[in-house]
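# Remarks on the overall topology
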Amino acid sequence: MAVKGCMFDFNCTLFHLEDAESWLGAVVADSGRDIGGAEVRHWAGRLTDFGAVPGGPAPRDVDPALLRLWHERDLDVVRHRAAYTGLLRAAGLPWPELITPLYERHMTAPAWQPYPDALEVLDTLHRHGVAIAVVSNIGWDLRPVLRHHGMDQYVDAYVLSFEHGFDKPDPRLFQAAHEQLGLAGADVAMVGDDKVADAGAAALGSPVHFVAPLPVADRPEGLRDVLAHLL
């Protein structure tokens, strides 16, 4: 059944964040430090294990207060910054002056790569008159990333958890998107990668479609495959 509106997740749905080694390597290069590739790889792995990479795996074996902060990270900008800078410190990063640049790097457009079919799918939906919302659990403003990559022109509404104080799968976040699009229920689909968080849209009657949270090179047509279910 054709839909009148479609909600998209951001991370691992429309875009994928650079890998931990590229993330750390870019910040090291900008700092002018002479750090070898082996050391960068070592610390990229350690930061990943500690859950200090934004958009990466959950923390393991960290202080309960820091873990609680991580679980609440997408509710506001203060907790998001505190969670990830705290995890970077907990991991023992030997260059503390890189903590702030590392945190800030992941909020920049160069750190994000769109999936190869993302722009095409948004353009196709737009041309068919389908209203589009980006609904994301996130602790910072992703609008500049979409603007940089030419996708902002297709987005009718942004519903970001840090601006509302609750996150997916809470139906209230999806309800906010429905209200901004002026649509409801089965007329608005949800496309995401998380079978818990994004599945929350089903509580409002929205059909939910999933894509695999793979690196960009490994998922060239995941969104295009979903498109047939939307039009």
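Below, the structure is looked at part by part. (Residues numbered from 1 in each chain as written. Predicted model: local features only at pLDDT ≥ 70, side-chain atom pairs only at ≥ 80, totals over all residues. Heavy atoms only, no water.)

## Here's the deal with the state of the cysteines
Under the convention used in this document: Pairs of cysteine sulfur atoms within 2.5 Å are what we label disulfides. We call a residue buried when its accessible area falls under 20% of the maximum for its residue type, exposed when it is over 50%, and partly exposed in between, using a 1.4 Å probe and counting protein chains only.
Under the defined criterion, the tally for this structure stands at zero disulfides. Counting only cysteine sulfurs, C12 is the nearest neighbor of C6, a cysteine outside any disulfide, at a range of 17 Å. Judged by relative accessible area, C6 falls into the buried class, the value being 0%. By relative accessible area, which is 11% here, C12 ends up buried.

## Some words on the packing of aromatic side chains
Keep this limit in mind: Here is the rule: rings of Phe, Tyr and Trp (six-membered ring for Trp) pair when centre to centre is within 6.5 Å. Planes less than 30 degrees apart are stacked, more than 60 are edge-to-face, and the remainder are tilted. Criterion for a charge above a ring: Lys NZ or Arg CZ within 6 Å of the ring centre, and within 35 degrees of the ring normal.
Throughout the structure, instances matching the rule amount to five aromatic pairs. Here the aromatic residues F10, F15, W112 and W140 are joined through ring pairs into a cluster of three or more. The side chain of R172 reaches across the aromatic face of F166, ending 4.1 Å from its centre. Just above the ring of F210 sits the side chain of K195; from NZ or CZ to the centre is 5.8 Å.

## Here we look at unusual backbone geometry
As a reminder, the rule being used: Put simply, DSSP H or I for four residues or longer makes a helix, DSSP E for two residues or longer makes a strand, and each gets a number counted from the N terminus.
The linkage connecting K168 with the following residue, P169, adopts the cis geometry, with an omega of 15°. Mapped onto the elements of the fold, P169 is located in the loop between α8 (161-164) and α9 (171-181). In this model, C12 sits at a positive phi of 70°, which is unusual for a non-glycine residue. Counting through the fold element by element, C12 comes out in the loop between β1 (5-8) and β2 (15-17).

## Side note on the sheet that holds strand β6 (residues 188-192)
Here is the rule: Note on pairing: two strands pair once DSSP finds at least 2 bridges between them. In this description, a line fitted to the C-alpha atoms serves as the axis of each element, helices being fitted only across the stretch in contact, and the angle between N-to-C directions of two axes falls anywhere from 0 to 180 degrees. Two residues form a contact once any of their heavy atoms are found within 4.5 Å.
Read across the open sheet, the five strands follow the order β5-β4-β1-β6-β7; overall the sheet is parallel. The sheet terminates laterally at β5 (157-160) and β7 (208-210), the two strands that pair on one side only. Pairs of neighbouring strands in the sheet enclose a mean axial angle of 20°, with direction left out of account. Direction of pairing for strand β4 (residues 131-136) relative to β5: parallel, over a ladder of four bridges. Directly across from V135, in β5, lies its bridge partner V159. Against the sheet, helix α6 (residues 118-127) contacts β1 and β4, and its axis sits at roughly 160° relative to β1. Of the strands in this sheet, β1, β4, β5 and β6 are in contact with α9, which crosses β4 at around 155°.

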